[in-house]
Each structure stands twice: as structure tokens, then as C-alpha cells.
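# Per-entry structural report
Each chain, written out:
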Amino acid sequence: MRDERLTVVMTGATGFVGTALRRGLLPHFRLVGLTRSAADIGQIMGEKGNGDETVWRSCDLFSLLELEKTMQGADYAIYLASARLPSSRLVQGTFEDIDLIMADNFARAAQFCGVKHILYLGRLIPTEENLAGLRAGRVEIEQALGSGITPLTTLRAGLIVGPGGSSVRIMINLVRRLPVMILPEWTMTQTQPIAIDDVVRAVRICLGDPQYFGGRFDIGGPDVMTFREMQERTAGALGKKRVTVAVPHSAPGLSKMWVALLGGASRYLVGPLVDSLRHPLVAKASPLQATLVAGAKSFDVALRESFDKQGRALPDPREPIRAIDDRAIRRAQRVRSVQRLPLPEGWTARQVTAEYYRWLPGAVRPFLRCDIEPWVSVRVCLGFTRWRLIEFTCAPHRSSEERQLLYITGGALARTKNNAKGRIEFREILDRRCMLAAIHDYTPTLPWGIYRYTQALFHLVVMRRFGNHLARIKAIGMPPEAIKDLALWILLADGERVRSASDRPGQPSESAAPFSLESLPRGEAPVDPRASGPAAGLAVRRGSESSSASTRN
């Protein structure tokens, strides 16, 4: 018999919320779960005998190419991914920027595959005007997911209560382990927890329904309370008598440390919880919220479902495979680095990439030199030698003006054997308000301890200096045309001039050879025509180089 159910693709399907959603949606939809970990797939496949018909596909959310392949055939998509769980042995950058990469990839792939609806489960957002930074981090993910033509629905929830949830597990562990609980000022703010079953109900109501397309809806349970009240109710449910002592200080840093230590959770998970509870988080009224509250579970009922007969919190569904996943990440020794850069007015990602390789040798001279093979590769060499430190190969057929990628294909500092995924990319993000520069799946050849405190730190310093360089360009309003006369820019960024010598678009001409501005006779290196007055520090001098790569990996 033909299965007439629509197909839903889901990220984060092995976690606490994802597991509950799978169980709630499987009777109504065909589910495809995306996971980067083979361990995840092997573990979950064992549930097939229990009626779990989820189809599992291995997918790296940092790779647009993999997302485009794995999302084929999906009608709807649910986004639950988070950068809080490690994806590489070394991760440089903020969680917010790393999340943006995944969300932007997801939106692009959904549009490419013709997905009809994206549903995102986010977090309640504080309303205070002085919380612009916290608000921005949460809103940006929504903006990235809604940046394409695929309709987006955002559900914003506070603390989610249910078996396996990290927040409720922290509360239960704190009550079990602390006969006297010190309650800082932030524990007195109001929040509105919601049962996991009601989150599933909200998703089922909204998924694929056009009346919710483009909407942002707060969802919460029937009880509004403080964290202190939640702790007291937890103590009552566990049959524990606890003394509480309120202190008139927030001390968020100290709070995160002791909550992580005594709550039995990672500081990466505790941080967002404490940050959220420091501010009032109550769901705004809406028809959807009214529908949910009418039949919602109380906090006390959802809490009792979250621990066993001995009063121990029920485990996270990912718990059995987390150690396996962590060992796999450690063995792979991959690096991910994401930095946010200013985007000068009128510039594109392709132009920023070209400027980066023009600027790099001058910024660290005489240590580095860039050799360019137009539309093929960029080779970073040591000083005036031919010793290649690292080589980047362009991916022209995955290129676009706003997003560019080069694969890491060789060099003394890169281990490329058994790793063809190492890459660097520059992409415009958030309606061209900023630029993200990212290195993905890079495997260094240096011993790990040496790499971490030498090359890795050097990369951060270089990217910070390049960000300052772009900020100066943005401040003086230099258009990209001001550097367009550079010989290297013409060879790499002006596609028509290169392609005219080749019958195949994207391929180098037969006469193309590695190019360096060092090869120009003295006096022939072009100079920025606007390099006078405040722009004098941006003059292009002999020995500086440029390249561009355009990709869409």
C-alpha cells in the first residue's frame, strides 16, 4: 500500500525535544532524521523494532552540499540544531556565529530542494531594551532561517519540562544534592515553563499550516513562576525538605559554575539556562498560545514524569552515545573556526575574499607569500621560498557572489589524506549586514598541543587584524572599485577576462600560471587611487596580493 504521508526532515532528531517530536509526528508523517554521527544512526536504528520508522541520513550541517543532498524529497523541515554540542575537537568562535552558519545552510538547502515550510523551535526572548545583545543572538537565527523564500514559522519556548530534558535534570539534581539552597537574585524572575508534550502539540498544529507561515509565536504552559518556586515544587515532588536562602546578588558567573558542578550538566548547557532565567520570560498572548494553555499539562505533572521511582532524573536520549561521539571527534582532530567580520558598503563576499589574499602577505611579511593560479588555487608559501604551507583550491561550480569557498588541498600544515572536506569560506549573512569567515574540518599536521597554542592562535590574531582592516575600509566608505585595477583582482575576480581564454567556464586558460605581485617590476604594483589623507594607510604597496574564490559548498 502506498504511503501517502508527507515527508518531514528534522535536525536535532536524537536529542530530548527531537526524540519527543519523532514519537509524536511518526503516525502522521514520514520522518527523515539528519545526524552527523554514525554512532547516532547505529543507536537509533535499534529502535526500529519498537515502531520507530525514522529514516536516518548522515549529514554535516556545516556543508551546504550535504544538506542539499539529504533534504531532497522533503515537504517540510524542522530545525532543532544547536552549536552548544561540540562538532570538532577545537572550535573557535561564538556559539551564535556558529549557529548562524548552520541556519543559513539550512535555509539555502530548503530553498534549493523546494521545501514548503520550515519550523524552528527557539527560545523566549526578553523584552527589556537593555538586552539588545541577548535578543540579537536569538533573533539572528530566525532571520537566517527566514532569509530564503521558504516560509518560516518560529515557536519560542522557555524552559521545557519532560523526561530527559537538561533543564529539569539540573533542577532535580540540585534539589537532591543541596540540603541548603542559596538562591541568587536571578532566581526571583518570572518564567513560564512548558511540558514537552505541549511543545509537540504546538508543532503538530503549525507544521504545514499556511495560517502560521511567517509567524513568531511564544508558547508556554499554564503556570507562571520563578525559578525559586520551581525548585520548591521540585523538592516537594521528590519528598525532600530543603532550606532556601535568598541573596540580593545575581553573580551569574558564579551561578553558572555551581549549577554546572552540582546540577550534573555541561557549562555549555547551563550558561543559556542561567542567562535566560536572569530575565522575565513569559509567553506573549496569541491564538496559538490560548489553544495550548486550554489543554496544557501543569508544571507539577510534567515534572513527575521526568524522574523515576527513586527520584533520579530520567536520562537524556543522547546519553548512551555522547561518549562515543566525543571519542570520534577527538580521534578526527578536526578544527572549526568562525569569525564575524565587518562588510564594507557595496562589497560582496567575493570581493572580501580577494582583499583577504591581497592583504594577508603584507600583514605578516616577510613571513608569508601568496601565489595565485587563476580560478584554480591559492598557495600560501613561506617568505621568499617555494615551501607551501597550505594550499586552497577554488570550487567555481559551487560559487556565488555572496558566498565563496576554497577547499584545503595540500601544504605542509594541512593533513589532507583521508580528509577531503577541509575548507575555508567567506559568506554574507543577515541581509548583508556582516560577513562570516569560517574554516571547517581542517586537520593540522602539527602535534595537537603545539598547534593549539601556535598556529590556532596565529589564525585568530590574523582574522582579528583583517576584521580591523575591513572596519577601516567601511569607515571611510571605500568602494570595491578602488582596488579593481589590481592585476591579481583582474585575473581572479573578473571572470569574463579569464574565461575568454578557455572553452570551459570555470577552468583556467592554458597560459595561466602562478602569479604573485612580487613578480612585477618595481613601480608597477598598482596603488589605490584614493590612498591619500585618511585612506593613506590603505595604500596598496608592492608585494601585496589578492585573490577571490566564489563557492557555494
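Sequence order as written defines the numbering, with residues in each chain counted from 1. The model is predicted, so local features are restricted to residues of pLDDT at least 70 and side-chain atom pairs to those at 80 or more, both for listing and for counting; the totals for chains, interfaces and linings are taken over all residues. Hydrogen atoms and water are omitted, and side-chain values are computed over all heavy atoms in the structure.

### A word on the sheet that holds strand S3 (residues 55-58)
The test is simple: When DSSP locates at least two bridges between a pair of strands, those strands are taken to pair. Helix and strand assignments follow DSSP, with helices taken as H or I runs no shorter than four residues and strands as E runs no shorter than two, numbered in order from the N terminus. The angle between two axes is taken between their N-to-C directions and runs from 0 to 180 degrees, where each axis is a line fitted to C-alpha atoms and a helix contributes only its stretch in contact. Contact between two residues is taken to exist if any of their heavy atoms lie within 4.5 Å; hydrogens are not considered.
Spatial ordering of the open sheet is given by S3-S2-S1-S4-S6-S7-S12, a layout of 7 strands whose pairing is parallel. Edge positions in the sheet fall to S3 and strand S12 (216-219), since each has one partner strand and no second. Within this sheet the neighbouring strands show an average axis-to-axis angle of 20°, counted without direction. In this structure, strand S1 (residues 7-11) lies alongside strand S4 (residues 76-79), joined through 3 bridges in parallel fashion. Residue pairing in the sheet places Met10 in a bridge with Ile78 of S4. Contacting S1, strand S2 (30-35), S3, S4 and strand S6 (117-123), helix H1 (residues 16-25) crosses the sheet at an angle of about 170° to S1.

### A short note on the pattern of salt bridges
Oppositely charged side chains are able to pair whenever their charged atoms sit close together. This is how it is decided: Counted as salt bridges are all cases of a side-chain nitrogen of Lys or Arg within 4 Å of a carboxyl oxygen of Asp or Glu.
Throughout the structure, instances matching the rule amount to 34 salt bridges. One connected set of salt bridges, linked through shared partners, spans Asp60, Glu66, Arg334, Arg336, Lys421, Arg423 and Asp441.

### Looking at the pairing of strand S21 (residues 434-442)
Stated precisely, the cut-off is as follows: Three labels apply to residues, based on accessible area from a 1.4 Å probe with only protein chains included: buried if under 20% of the type maximum, exposed if over 50%, partly exposed otherwise in between.
Most of S21 is tucked away, with 9 of its 9 residues classed as buried. As paired strands, strand S15 (residues 335-341) and S21 are joined by 6 bridges and run antiparallel to one another. In the sheet register, Gln339 faces S21, and the bridge partner there is Ala437. Relative to S21, strand S20 (residues 423-429) runs antiparallel, the two sharing 7 bridges. Paired with Phe426 across the bridge in S21 is Ala437.

### A look at the packing of aromatic side chains
Stated formally: Any Phe, Tyr or Trp ring, taking Trp's six-membered ring, that has another such ring centre within 6.5 Å forms a pair; planes under 30 degrees apart are called stacked, those over 60 apart edge-to-face, and the others tilted. Geometrically, a charge over a ring is one whose NZ (Lys) or CZ (Arg) sits within 6 Å of the ring centre while staying within 35 degrees of the ring normal.
Counting across every chain of the model gives 12 aromatic pairs. Arranged with centres 5.9 Å apart and planes meeting at 55°, the rings of Tyr79 and Tyr120 form a pair that is tilted. Here Tyr120 lies in strand S6 and Tyr79 lies in strand S4, a separation of 41 residues in the sequence. By relative accessible area, Tyr120 is classed as buried at 10%. Where Tyr357 meets Phe392, the ring centres are 5.9 Å apart and the plane angle is 55°; that geometry is what we call tilted. Highlighted residues: Tyr357 in helix H14 (residues 349-364) and Phe392 in strand S18 (residues 388-394), separated in sequence by 35 residues. Judged by relative accessible area, Phe392 falls into the buried class, the value being 8%. What links up through ring pairs into an aromatic cluster is the set Tyr356, Tyr357, Trp359, Phe392, Phe426 and Phe466. Cation over ring: Arg336 sits above Phe62, and NZ or CZ is 3.7 Å from the ring centre.

### A word on the confidence of the model for the chain
So the rule is basically this: pLDDT expresses, on a scale from 0 to 100, how confident the predictor is about each individual residue.
Of the residues in the chain, 77% reach a pLDDT of 70 or more, and the chain-wide mean stands at 81. No element of the chain has a lower mean pLDDT than helix H18 (residues 495-499), at 37, and none a higher one than S4, at 98. This stretch, residues 485-552, has a pLDDT under 50; its non-local contacts, to residues over four places away or in other chains, come to 163 contacts.

### So, the packing of helix H6 (residues 166-177) against helix H8 (residues 227-238)
Under the convention used in this document: Orientation is classified from the angle alone, with under 35 degrees giving roughly parallel, over 145 giving roughly antiparallel, 65 to 115 giving roughly perpendicular, and any other angle giving oblique. Left-handed describes a crossing in which the near helix is turned anticlockwise from the far one by less than a right angle; the clockwise case is right-handed.
Closest axis-to-axis distance for the H6/H8 pair is 9 Å, and the angle between their directions is 65°. Between H6 and H8, the angle is such that the two are roughly perpendicular. Here H6 and H8 pass one another in a crossing that is right-handed. Only Phe227, Met230, Gln231, Thr234, Ala235 and Leu238 of H8 make contact with H6, whose side of the interface consists of Met171, Ile172, Leu174, Val175 and Arg176.

### Considering the nonpolar core
Put simply, the rule is: To form a nonpolar core, buried Ala, Val, Leu, Ile, Met, Phe, Trp, Tyr and Cys residues must be joined to one another through side-chain atoms within 4.5 Å.
Counting 40 residues, the largest nonpolar core has Tyr356, Phe392, Phe426 and Phe466 as its most contacted members. Contact partners of Phe466, with chain neighbours within four places excluded, come to Leu341, Val352, Glu355, Tyr356, Trp359 and Phe426. Listed in part, the 36 residues of the second largest apolar core include Leu34, Cys59, Leu64 and Ala110.

### What to know about the pairing of S18
Counting buried residues in S18 gives 5 out of 7 residues, a clear majority hidden from the surface. Bridge count for strand S17 (residues 377-382) against S18 is 5 bridges, and the pairing is antiparallel. The residue bridging Ser377 from the neighbouring strand is Thr393, located in S18. Once S17 ends, the chain turns through 5 residues before running back antiparallel as S18, passing Gly383 with a positive phi of about 45°. Examined bridge by bridge, S18 and strand S19 (residues 403-410) share 4 bridges and lie antiparallel to one another. Across the sheet, Cys394 pairs through a bridge with Leu406, a residue of S19.

### Points about the packing of H14 against helix H16 (residues 455-476)
For clarity, the threshold we go by: Each residue is assigned to one class: nonpolar for Ala, Val, Leu, Ile, Met, Phe, Trp, Tyr, Cys and Pro, charged for Asp, Glu, Lys and Arg, and polar for all the others, Gly among them.
Across the interface, H14 lies against H16 with an axial gap of 11 Å and an inter-helix angle of 115°. Considering only the axes of H14 and H16, their crossing is right-handed. Contact with H14, carried on its side by Val352, Glu355, Tyr356, Arg358, Trp359, Leu360, Ala363 and Val364, involves Phe458, Val462, Met463, Arg465, Phe466, His469, Leu470 and Ile473 of H16 and no other residues of that element. For the contact of H14 with H16, the residue count by class is 12 nonpolar, 1 polar and 3 charged.

### With respect to helix H7 (residues 196-206)
Three- or four-residue spacings in an α-helix give side chains the same orientation, since the helix completes a turn every 3.6 residues. Among all positions of H7, only Ile196, Asp198, Val199, Val200, Ala202, Val203 and Cys206 are buried. The first or second residue beyond H7 is Gly208, which carries a positive phi of 80°.

### Some words on the sheet that holds S17
The mixed open sheet is built from 8 strands, whose spatial order is S5-S15-S21-S20-S19-S18-S17-S16. Only two strands of the sheet have a single neighbouring strand rather than two, namely strand S5 (90-92) and strand S16 (368-373). Adjacent strand axes in the sheet meet at a mean angle of 15° when their direction is disregarded. Relative to S17, S16 runs antiparallel, the two being bridged by 6 bridges. Within S17, the residue paired with Ile372 across the bridge is Val378. Relative to S15, H16 is tilted by about 15°, and along the sheet it contacts S5, S15, S20 and S21.

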